[in-house]
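Descriptive analysis of the structure
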Amino acid sequence: YAMERGLNFYAPTPGQFKQITLITGGYGYEVGDIVLVNTLQEPKLGDIVQYDWRLNNSDCMAMGPGFYLTKVIGIPGDKVKFEAGSYFTNGFTGSLPAGKPTIWGNSKYADGTNMTLIVPEGEYLADKWVGQECSGTDQNGSSIPYNRFTLKSAAITGVILEKIGHDQEF
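Residues numbered from 1 in each chain as written. Predicted model: local features only at pLDDT ≥ 70, side-chain atom pairs only at ≥ 80, totals over all residues. Heavy atoms only, no water.

**Observations concerning the overall build of the chain**
Along its length, the chain carries zero helices and 15 strands. Sorting the 170 residues of the chain into buried and exposed places 44% on the buried side. Accessible surface computed for the chain: about 8500 Å², of which carbon and sulfur atoms make up 50%. (Helix = DSSP H or I, 4+ residues; strand = E, 2+ residues; numbered from the N terminus. Buried < 20%, exposed > 50% of the residue type's maximum accessible area, 1.4 Å probe, protein only. Areas by Shrake-Rupley, 256 points an atom, 1.4 Å probe, with all protein chains shown as cover.)

As structure tokens, this is what we get:
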């Protein structure tokens, strides 16, 4: 349906401003909104970005579309304090499931509660859970899903600049 109408859901071509139609919503945007995305802009604190959770390795046990929106609340080098059910940095708060395995950069933690971690180089902290990475197996041979809260630079398809329309038929 969407392809027949010329809608583009894939990562924009690098080096361009690209018009895309959102297949997910949030942060004041709705499914079907047509937005202008800057594919070259480095995300800053507070920017809303579109990311591909497949490229972020956060699509373990995922179903549905792979492109989502999130707000950037931490940049490489920022300290992040984890407490039971929440994390804090730069005046922003995010929520996390307490007592669950978490992956941070390439490090794995059984539970990040009461830890302070640094946003890794090449990654950005999101204001919410951005998926799970299946990494390793348990004693039964099942994948272990680790919660992810950071976005790899390569997974960010662009910084949303503005809404320029809406496709009612979408």
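**Describing the packing of aromatic side chains**
For the coordinates displayed, the defined rule picks out five aromatic pairs. With a centroid separation of 4.8 Å and 55° between ring planes, the pair formed by Trp-53 and Tyr-68 is classed as tilted. Of this pair, Trp-53 sits in the loop between strand 3 (48–52) and strand 4 (67–74) while Tyr-68 sits in strand 4; the two residues are 15 residues apart in sequence, bridging distant segments of the chain. A relative accessible area of 11% means that Trp-53 is categorised as buried. For the ring pair Phe-82 and Trp-104, a centre distance of 5.3 Å and an interplane angle of 85° mean the geometry is edge-to-face. Of this pair, Phe-82 sits in strand 5 (residues 79–83) while Trp-104 sits in strand 8 (residues 102–104); the two residues are 22 residues apart in sequence, bridging distant segments of the chain. The same class applies to Phe-82 and to Trp-104, which are both buried. Taken together, the ring pairs in this structure connect Phe-82, Tyr-87, Trp-104 and Phe-149 into an aromatic cluster. (Phe/Tyr/Trp six-rings, centres within 6.5 Å; stacked < 30°, edge-to-face > 60°.)

**Here we look at the pattern of salt bridges**
Under the definition given, this model contains five salt bridges. Measuring nitrogen to oxygen at the nearest pair gives 3.4 Å for the salt bridge that ties Lys-163 to Asp-33. With Lys-163 in strand 15 (residues 156–166) and Asp-33 in strand 2 (residues 33–38), this residue pair connects regions lying 130 residues apart in the sequence. The class of Asp-33 is buried, set by a relative accessible area of 0%. (Salt bridge = Lys/Arg side-chain N within 4 Å of Asp/Glu carboxyl O.)

**Topic: the environment of Phe-170**
Tracing the backbone shows Phe-170 in the segment after strand 15. For the pair formed by Phe-170 and Ile-23, sequence separation is 147 residues and the distance between their alpha carbons is 8.9 Å.

**Focus: the pairing of strand 2**
Counting buried positions along strand 2 gives five out of six residues, so the element sits mostly inside the fold. Across five bridges, strand 1 (residues 17–21) lies against strand 2 in antiparallel orientation. Opposite Gln-19, over in strand 2, you have Leu-36 as the bridge partner. Across six bridges, strand 2 lies against strand 15 in antiparallel orientation. Considered in strand 15, the bridge of Asn-38 is made with Val-159. (Pairing = 2+ DSSP bridges.)

**Quick word on the sheet that holds strand 3**
Sheet strands pair via backbone hydrogen bonds, and the direction of the pair is either parallel or antiparallel. The seven strands lie next to each other as 1-2-15-3-4-11-14, forming an open sheet whose pairing is antiparallel. Two strands in the sheet have a free side with no partner beyond their single neighbour: strand 1 and strand 14 (150–152). Across this sheet, the average inter-strand angle for adjacent strands is 50°, counted without regard to direction. (Axes fitted to C-alpha atoms, helices over the stretch in contact; angles between N-to-C directions.)

**What to know about the sheet that holds strand 6 (residues 86–89)**
Within the open sheet, the four strands sit side by side as 7-6-5-10. Their pairing is antiparallel. Single-partner strands in this sheet number two, and they are strand 7 (92–95) and strand 10 (116–118). Sheet twist, expressed as the mean angle between neighbouring strand axes with direction ignored, is 25°. Bridge analysis of strand 6 against strand 7 gives four bridges, and the strand direction is antiparallel. In the sheet register, Ser-86 faces strand 7, and the bridge partner there is Ser-95.

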